[in-house]
Amino acid sequence: SASAIGCDFKNILNDPETPETARQLFNHAAKYTEEPLAYFDQLNSRNPEKSAFYFRVITNSYAFADGAFAEGLGNLGKEYIENYPGNFAAFFDHTSCFTDTDLKTWAQIALLEFEIIDDQIESGSGEPLVNIYSNHLLAKSQSLPLSQQETIRKFTIYLKNSWGDFLKNI
């Protein structure tokens, strides 16, 4: 079961098929690379330990987000949360592995995309896409377990707060 997942990920770290970049990111030791964009495919792995490992790696990759990688990370992150809100929120059911700090990091990941796609930023006209996206996520999460609904709710708050901070600095 997913709840039996440990957070040390020894099996995956010791697997010769695990990319070196993934190991480095897991250990907060990577340099700039766009390779983690390919890891999004692993988030829906049938192996819960593997999907959680790559979720950790992608989360850690935000610290290195720059240039084209930041654009790709924002786009894929926003789409993953939108398309799989239950899977996304389920990672945070494992509070020993994924914390509020990680949830805030994912808000920052999604924000990378909104900074690019919201063309109403300068004029301030129209409802921010962040609000539309957040309302959509909240509606989609209605059928999820309560803990996951709460995670999505907190995520949308972090996202809106991050958006507000971003607007103050443009």
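Residue positions are given per chain, counting from 1 as you read along its sequence in written order. Only residues with pLDDT of 70 or above have their local features reported here, since the model is predicted, and side-chain atom pairs are shown and tallied only from 80 upward, although totals for entire chains, interfaces and linings are computed over all residues. Each side-chain value is derived from all of the structure's non-hydrogen atoms; neither hydrogens nor water enter the calculation.

Novice: Is there a simple way to think about the side chain of Thr-59 in this case?
Specialist: As for its placement among the helices and strands, Thr-59 is situated in helix 3 (residues 48–61). For Thr-59, a relative accessible area of 5% corresponds to the buried category. The residues touching Thr-59, leaving out its near neighbours within four places in the chain, are Asp-102, Thr-105 and Trp-106. We count a stretch as a helix when DSSP gives it H or I for four or more residues in a row; a strand needs E for two or more, and each element gets its number in order from the N terminus. Classification of residues uses two cut-offs on accessible area relative to the type maximum, computed with a 1.4 Å probe and protein chains only: under 20% is buried, over 50% is exposed, and between them is partly exposed. Whether two residues are in contact is decided by their heavy atoms, any of which lying within 4.5 Å being enough.

Novice: I'm lost on the environment of Leu-76 in this one. Help?
Specialist: Considering the arrangement of structural elements, one finds Leu-76 in helix 4 (residues 67–83). Residue classification places Leu-76 among the partly exposed positions, given a relative accessible area of 27%. In this structure, the C-alpha to C-alpha distance between Leu-76 and Glu-113, residues 37 residues apart in sequence, is 8.6 Å. The contacts of Leu-76, once residues within four sequence positions are left out, are Leu-37 and Phe-40.

Novice: Just checking my understanding: could you explain the nonpolar core for this structure?
Specialist: A general feature of soluble globular proteins is that nonpolar side chains tend to end up buried together. Definition of nonpolar core: a set of buried residues of the types Ala, Val, Leu, Ile, Met, Phe, Trp, Tyr and Cys, connected through side-chain atoms within 4.5 Å. Counting residues in hydrophobic clusters, the biggest one holds 45 residues, and the most contacted among them are Phe-53, Phe-55, Phe-88, Phe-92, Trp-106, Phe-155 and Leu-159. Put simply, the parts of the chain that give this core at least two residues each are helix 1 (10–13), helix 2 (20–26), helix 3, helix 4, helix 5 (85–91), helix 6 (100–117), helix 7 (129–140) and helix 8 (146–168). With 8 residues, the single largest contributor to this core is helix 6. Sequence-distant contacts of Phe-53, defined by excluding residues within four places in its chain, comprise Phe-9, Ile-12, Leu-13, Thr-18, Ala-22 and Phe-26.

Novice: Which parts of the structure should I look at to understand the pattern of salt bridges?
Specialist: Once their charged atoms are close, side chains differing in charge can pair, the charge on each being opposite to the other. A side-chain nitrogen of Lys or Arg and a carboxyl oxygen of Asp or Glu constitute a salt bridge if their distance falls within 4 Å. This model, assessed by the stated rule, comprises 7 salt bridges. Across the pair Lys-168 and Asp-165 runs a salt bridge whose closest N-O atoms are separated by 3.7 Å. You can see Lys-168 and its partner Asp-165 sitting in helix 8, 3 residues apart, about one turn around the helix. Accessibility expressed as a relative area gives 66% for Lys-168, which makes it exposed.

Novice: What is the right way to read the environment of Phe-98 from this model?
Specialist: Relative to the helices and strands, Phe-98 resides in the loop between helix 5 and helix 6. The spacing of Phe-98 and Cys-7 is 91 residues in sequence and 8.9 Å in space, taken between C-alpha atoms. Setting aside its immediate chain neighbours within four residues, Phe-98 contacts Ala-52, Phe-55, Arg-56, Phe-91 and Phe-92.

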